[in-house]
Amino acid sequence: MAQYSRVSGNVGLITLQNPPVNALSAAVRQGIVDTVKRALGDPEVKSVVICGQNGVFCGGADIREFGTHMTGPPLVPMIHAIEMADKPVVAAIEGVALGGGLELALGCHYRIAHTKAKVGLPEVTLGLLPAAGGTQRLPRLTGLPAAIALITTGRQITTAEALKLSIVDQVTDYSAVDTAVKFAKSVAERSLDGRRVSERPCPCPPDVDALFEAAMQKVRQSARGAIAPVACVQALQAAATMPYALGMQREKELMATLFTSGQARALQYSFFAQRAVGRWSLPSGARWDGSKPRPIRKTAVIGLGTMGRGITVSLAQAGLSVIAVEAQEKPLKEAQQAISGMLQRGAKRRGGAPPLDLITYSANLQAVADVDLVIEAVFEDVALKKQLFQHLSAICKPEAFLCTNTSALDIDLLASQSRHPELVVGMHFFAPAHVMKLLEVVHGSRSSPEAVATAMNLGKQMGKVGVAVGNCHGFVGNRMLKPYLEQGLFLLEEGATPEMVDGALEEFGFAMGLFRMSDLSGIDVGWRVRKGEGLVQPGASVRVRQGRRYSPLGDLLYEQGRFGQKTGRGWYRYDNRHEAKPDPWLNNFLEDYRARHGLAARRIECQEVLERCLYTLINEGFRILEEGIAAGPEDIDVIYVLGYGWPKHRGGPMYYASMVGLIKVLERLEHYLRAHPDVPSLQPCSLLRRLVASGSPPIHKWRKIIKKTQSHL
Ligand SMILES: CCCCCCC/C=C/C(=O)SCCNC(=O)CCNC(=O)[C@H](O)C(C)(C)COP(=O)(O)OP(=O)(O)OC[C@H]1O[C@@H](n2cnc3c(N)ncnc32)[C@H](O)[C@@H]1OP(=O)(O)O
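In this text the structure is predicted, and so the values were computed from the model without any measurement.

**What about the domain arrangement of the chain?**
Then step 1. Splitting the chain by domain gives domain 1 (2-259), domain 2 (298-475), domain 3 (496-593) and domain 4 (606-705).
Then step 2. Placing the centre of domain 1 and that of domain 2 at their C-alpha centroids yields a distance of 42 Å.

**Quick look at the sheet that holds strand β7 (residues 118-120)**
Then step 1. Overall, mixed pairing links the 3 strands, which are arranged β5-β7-β8 in an open sheet. Where the open sheet ends on each side, the last strands, each with one partner, are β5 (96-98) and β8 (157-158).
Then step 2. Where β5 and β7 come together, 3 bridges link them in parallel fashion. Considered in β7, the bridge of Ala97 is made with Val119.
Then step 3. Those strands touched by helix α3 (residues 100-107) are β5 and β7, and its axis lies near 95° from that of β5.

**Here's the deal with the confidence of the model for the chain**
Should pLDDT be low for a region, the predicted coordinates there are not to be read in detail.
Then step 1. Of all residues in the chain, 99% attain a pLDDT of 70 or more, and the chain-wide mean is 96.
Then step 2. Reported confidences for the modelled complex are a pTM of 0.95 and an ipTM of 0.99.

**Description of the UniProt feature "domain: 3-hydroxyacyl-CoA dehydrogenase C-terminal" (unreviewed entry) in the chain**
Then step 1. Per the UniProt entry, the sites bearing "domain: 3-hydroxyacyl-CoA dehydrogenase C-terminal" (unreviewed entry) are residues 474-574 and 609-696 in this numbering.
Then step 2. Structurally, residues 609-696 comprises 67% helix and 0% strand, and the distance from its first C-alpha atom to its last is 24 Å.

**Quick look at the sheet that holds strand β1 (residues 2-7)**
Then step 1. With mixed pairing, the 6 strands of this open sheet are ordered in space as β1-β2-β3-β4-β6-β9. Only two strands of the sheet have a single neighbouring strand rather than two, namely β1 and β9 (170-172). On average, adjacent strands in this sheet sit at an angle of 20° to one another, irrespective of strand direction.
Then step 2. Summarising the sheet, β1 and strand β2 (residues 11-16) pair through 6 bridges and their orientation is antiparallel. Each residue of the ladder has a partner; that of Ala2, found in β2, is Leu16.

**With respect to the site of the ligand**
Then step 1. Taken together, 27 residues lie around the ligand, and Gly59, Ala61, Gly100, Arg275 and Arg279 are the ones closest in.
Then step 2. Between an oxygen atom of the ligand and a main-chain N or O atom of Gly100, the distance comes to 2.7 Å.
Then step 3. Between Arg279 and the ligand, the recorded distance is 2.9 Å, taken from a side-chain N or O atom to an oxygen atom.
Then step 4. Within the complex, the protein chains bury 73% of what would otherwise be the 1,100 Å² of accessible surface of the ligand.
Then step 5. The leading source of residues in the shell around the ligand is helix α11 (residues 262-276), at 3 residues.
Then step 6. When grouped by side-chain class, the residues that make up the shell around the ligand number 16 nonpolar, 5 polar and 6 charged.

About the thresholds
- Residues numbered from 1 in each chain as written.
- Predicted model: local features only at pLDDT ≥ 70, side-chain atom pairs only at ≥ 80, totals over all residues.
- Heavy atoms only, no water.
- Domains from an automatic or database assignment.
- Pairing = 2+ DSSP bridges.
- Helix = DSSP H or I, 4+ residues; strand = E, 2+ residues; numbered from the N terminus.
- Contact = heavy atoms within 4.5 Å.
- Axes fitted to C-alpha atoms, helices over the stretch in contact; angles between N-to-C directions.
- pLDDT = per-residue confidence, 0-100.
- UniProt positions renumbered as here; feature names shortened; annotations may be inferred.
- Near = heavy atom within 4 Å.
- Polar contact = N/O pair within 3.5 Å; in protein donor to acceptor, adjacent residues only side chain to side chain.
- Areas by Shrake-Rupley, 256 points an atom, 1.4 Å probe, with all protein chains shown as cover.
- Nonpolar A, V, L, I, M, F, W, Y, C, P; charged D, E, K, R; others polar.

See below:
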């Protein structure tokens, strides 16, 4: 809806009303059309201001409408009518002007924004392009390079930056609406010549072809198969080379292919999934809306290795005070230097001063005595962490939350070392912790809903997307990774090469194939995990361990000192630190290994690589759902997209399974299980069977069946 009033004598004020973000639903679009008509037809009204209620201009088109039969007036003619009005129309931007919201503002003759507002065209992140004239109007204001950068990334910018780029005409610290009304009065009689953006020429640099070639190359490299960024460049190319009307036609055609694409559906699913995970629930029935987080003011981080440093930076950037503890003086000094550098670089990027004063460094654990919440990030060693929890429990005030940054260890075991196990939760950050948005908040059997709510809330303050998960080895993300990695090794035994397996996964859209990932995280790290599980038998290469097929290939590489990137050798060779090159040594090693074990190498197709690696990972995801470790498929999908390089435009593993068809996933798992009966991770899980038996319902209906399956267990 849109409300109309006349203010300050002769200014027509149109207020968009659709909480929480005034999205342009059919009713809002109808409201705008009606109120604009009314304002333009009222002889008393000399100029018009468009604003949004509750301090938010507009969050864009209503994404919930996209999957439905769309009704109501379309955006393009609505914005065109505003631009062609013969009375000045001013957009008063507060909060956000995003997507269709910014496109609406670009159709106005003037834009006045609050200093704290943000603007952007994030459609590309939803698999779309700004198809309400955004690709044609923005470059006419900002020039092509800035428009390419903004539209192909969807980056949201401050209004200070928007002012520099001529996207807005004025920025104010006062009410943008009041300022816009005053301004509208002052320009009431002024000519609109030059104010209609679509009538301006698109500024074209002389090297425009080279500019677009470079832009196309850049998006193709970073998009990893996503089609929307490519379409964005094509639409901008139309703005540069065609008259406005033809450019609009091209924008429309490109949008038509994106709008119904599977990628757009997956990205829009992901948008809502990232919000749905905030509405967590625990197996006990406790929920986000009934559990109050406790405010946290003082925090502490124990252990200032890579993870501890990233967590400290992230807490300070969120405005929280941090006691940063490292037992030895030398590493403490080194960490202090590194953290200061990270904060300074961050401040340079974001603007403002680095929050150095918020951090106090100490080598003494007693320094954490009066903090509200501790995050320990010491070495992943259960004995060390147990001892630390005993100390913390004795030192900290009784109501302090004790959080552990572990990627796999038992939260209940650590909680049992504390006098207040209900205040213990896992906070599993992902490296680099000040950059990665994902946070697994792990609830143990005794964690209180208040502790979970507080950790989730703290994560949000830190700019993370928290996902509440249950306690099991590897939680959700790392647990699902295990069968995926295992299949990679089995494929090598059967005739594949690391570059072939990685090629298939990267072609699918993963940021990195599994062997490149293993080289990056360290072959020694995986070895240590397997050792902890009792799987490593040095020197032996027996292919059955704990009653199931086992590949010792990773252990053999470890024994050769090939730890991955850090030693320059792993599954690949690294002549310079980052570039992975196929290593003839490895091929010989694999041939010897196969010969020793009587394994005949066979030709393996990419499809088999994908099916075996991805379907076993997905199958583990179904087990996790069945056991209640994750509350719903959205939780798993958010974890994989934000933490494990799963291609965003494929929605996440569980969404992907729903798109491939559950029956196909089930059949292929059964097929591979027949070929490899000694691999239990290929055994389809009962939830998958139950979903297939229920007719493979759409993903949003899985929770109901999961609940039924759980009640049968
Ligand atoms: C052939 C058809 C042609 C159509 C023309 C196409 C041209 C235009 C396309 C578009 O405009 S696409 C939409 C572009 N806009 C966005 O991508 C913005 C998305 N929203 C956000 O980034 C954030 O929500 C926000 C606006 C910055 C606010 O963030 P905040 O952290 O304050 O709140 P959230 O938890 O994110 O959101 C609150 C609530 O609102 C829902 N929501 C947000 N934006 C939209 C939207 N555009 N449409 C529908 N709903 C929206 C969000 O889902 C939350 O609700 P719940 O999911 O929690 O119920």
